[in-house]
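# Remarks on the overall topology
So the chains spell out like this:
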Amino acid sequence: MSPPRSDSVWRAAWRRFRRDRVGLVSLGVVLAFLLLIVASASGLVARQWQQEVGVPSAPPHVLGPRPPDAAEGAIQPSGPNVDLTDIDPLAPRYAEWAERAKHYRSADPVRADTLPLGGDRMGRDVLAKAVKGTEISVFVGVLAAVLATGIGTLLGALAGFFGRWVDDVLEWVYNVFTAVPDILLIFAFAAVFGRGLTTVVVILGLVGWTGLYRQVRAEFMKHRSRDYVRAAEAIGASPSARMFQHILPNISHVILVRMSLMVVGFIKSEVILSYLGLGVPIDQVSWGTMLAEAQSELILGHWWQLATATVFMAVFVTAFSLMADAWRDALDPKLKGQA
């Protein structure tokens, strides 16, 4: 009779994760946001976020339409218009210009007095902007985390596996990047490369790989002398095969958890960059650009764009952080004996 087969790392982690109710609820919230992002990217929702569908700064439905301004109700002067034909040198051409203007006159679309979550100063739907902004912000955060994970994993694997002068050179590079505070390094790269989605992803990826590098380096230094790696070497496995076919799968859960934590940090960094005008271009929208626009609207008492962007960002970041914490607890090898 063969002995019972033990669970894999991921199967045991999923079993522990299902016991965490907070983690499960957070996972559901994150999945709901991901469905919303897919719908936005495919054009099913928020496709016309740039259209001016409401009156400027239209209030939310719950507040009702704004009362008419006092100027609109002002009494218009009565009586015949004053004839200035004798003293106005342009008067003979007024009729000609009016006839030409008819060819360029366009119909003014009907604008809504209120929108579900209000409108911005141009009359664009704040809800549609928040949905599209979620797509952009999460897209930037995930891609930057993938880039930083690739850089940190590759350099950490090389330093931890080969050691000696390779480790010394990469440690010198690491010390150079960590000698400057991250926020200053981000601003410096942003000033050099300019605005744009690709630029933001590259900047955050170049700045954020250092933490994962140290963790992967330590894991490779620990695993390179273990029996299963020496056995692979004895049967002729190349250094690259031992690194990426034998060691890397055994530390992949550590890398994935670290990457999920980086996503949260990079989303916050993108918001800061866009708020300061160094992030996404002006024809795109993100949570950061919405907060930047809301700054001037808040002075006029139009708070709904600020509230909507803040709620969207707070709910997603909180849910993603709680989900990442639950996965970290579930994948922690120290908890394996409690399964």
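This write-up is about the structure you can find in this document. Since the model is a prediction, treat every value here as computed from it, not as a measurement. (Residues numbered from 1 in each chain as written. Predicted model: local features only at pLDDT ≥ 70, side-chain atom pairs only at ≥ 80, totals over all residues. Heavy atoms only, no water.)

## Notes on unusual backbone geometry
Positive phi values are uncommon outside glycine, yet Ser 57 reaches one of about 55°. By the element assignment, Ser 57 lies in the loop between helix H2 (21-41) and helix H3 (94-104). For Ser 57, a relative accessible area of 7% translates into the label buried. (Helix = DSSP H or I, 4+ residues; strand = E, 2+ residues; numbered from the N terminus. Buried < 20%, exposed > 50% of the residue type's maximum accessible area, 1.4 Å probe, protein only.)

## Here's the deal with helix H7 (residues 197-207)
Each α-helix turn comprises 3.6 residues. Residues three or four places apart therefore point the same way. For H7, the full list of buried residues reads Thr 199, Val 200, Val 201, Ile 203, Leu 204, Gly 205 and Val 207. In the core, the buried residues of H7 are packed alongside helix H4 (126-162), helix H6 (182-193), helix H8 (210-223) and helix H10 (239-275). (Contact = heavy atoms within 4.5 Å.)

## Notes on the packing of aromatic side chains
Geometrically, a pair of aromatic rings is defined through the distance of the ring centres and the angle of the planes. If you walk through the whole model with that rule in mind, you get 12 aromatic pairs. An angle of 25° between the planes, with centres 6.1 Å apart, marks the rings of Trp 14 and Trp 327 as stacked. Note that Trp 14 is positioned in helix H1 (residues 9-18) and Trp 327 in helix H12 (residues 304-331), a separation of 313 residues in sequence. Exposure remark for Trp 14: the relative accessible area of 36% places this residue in the partly exposed category. On the basis of an interplanar angle of 85° and a centroid distance of 5.2 Å, the ring pair of Phe 161 and Phe 162 is categorised as edge-to-face. Its relative accessible area of 11% is what places Phe 161 among the buried residues. Given a relative accessible area of 39%, Phe 162 falls into the partly exposed group. One aromatic cluster is present, built from ring pairs that chain together Phe 33, Trp 287, Phe 312, Phe 316 and Phe 320. (Phe/Tyr/Trp six-rings, centres within 6.5 Å; stacked < 30°, edge-to-face > 60°.)

## Details of the pattern of salt bridges
According to the stated counting rule, one finds 13 salt bridges in the structure shown. For the salt bridge of Glu 135 with Lys 132, the shortest nitrogen-to-oxygen distance reads 3.1 Å. Here Lys 132 and Glu 135 lie together in helix H4, a separation of three residues that amounts to about one turn. Of the charged contacts in the structure, one is a salt bridge between Glu 171 and Arg 217, with a shortest N-O distance of 3.6 Å. On the criterion of sequence distance, the pair formed by Glu 171 in helix H5 (residues 164-179) and Arg 217 in helix H8 is long-range, its members being 46 residues apart. A relative accessible area of 16% places Glu 171 in the buried class. (Salt bridge = Lys/Arg side-chain N within 4 Å of Asp/Glu carboxyl O.)

Remember that the coordinates give geometry; whether it matters functionally is a separate question.
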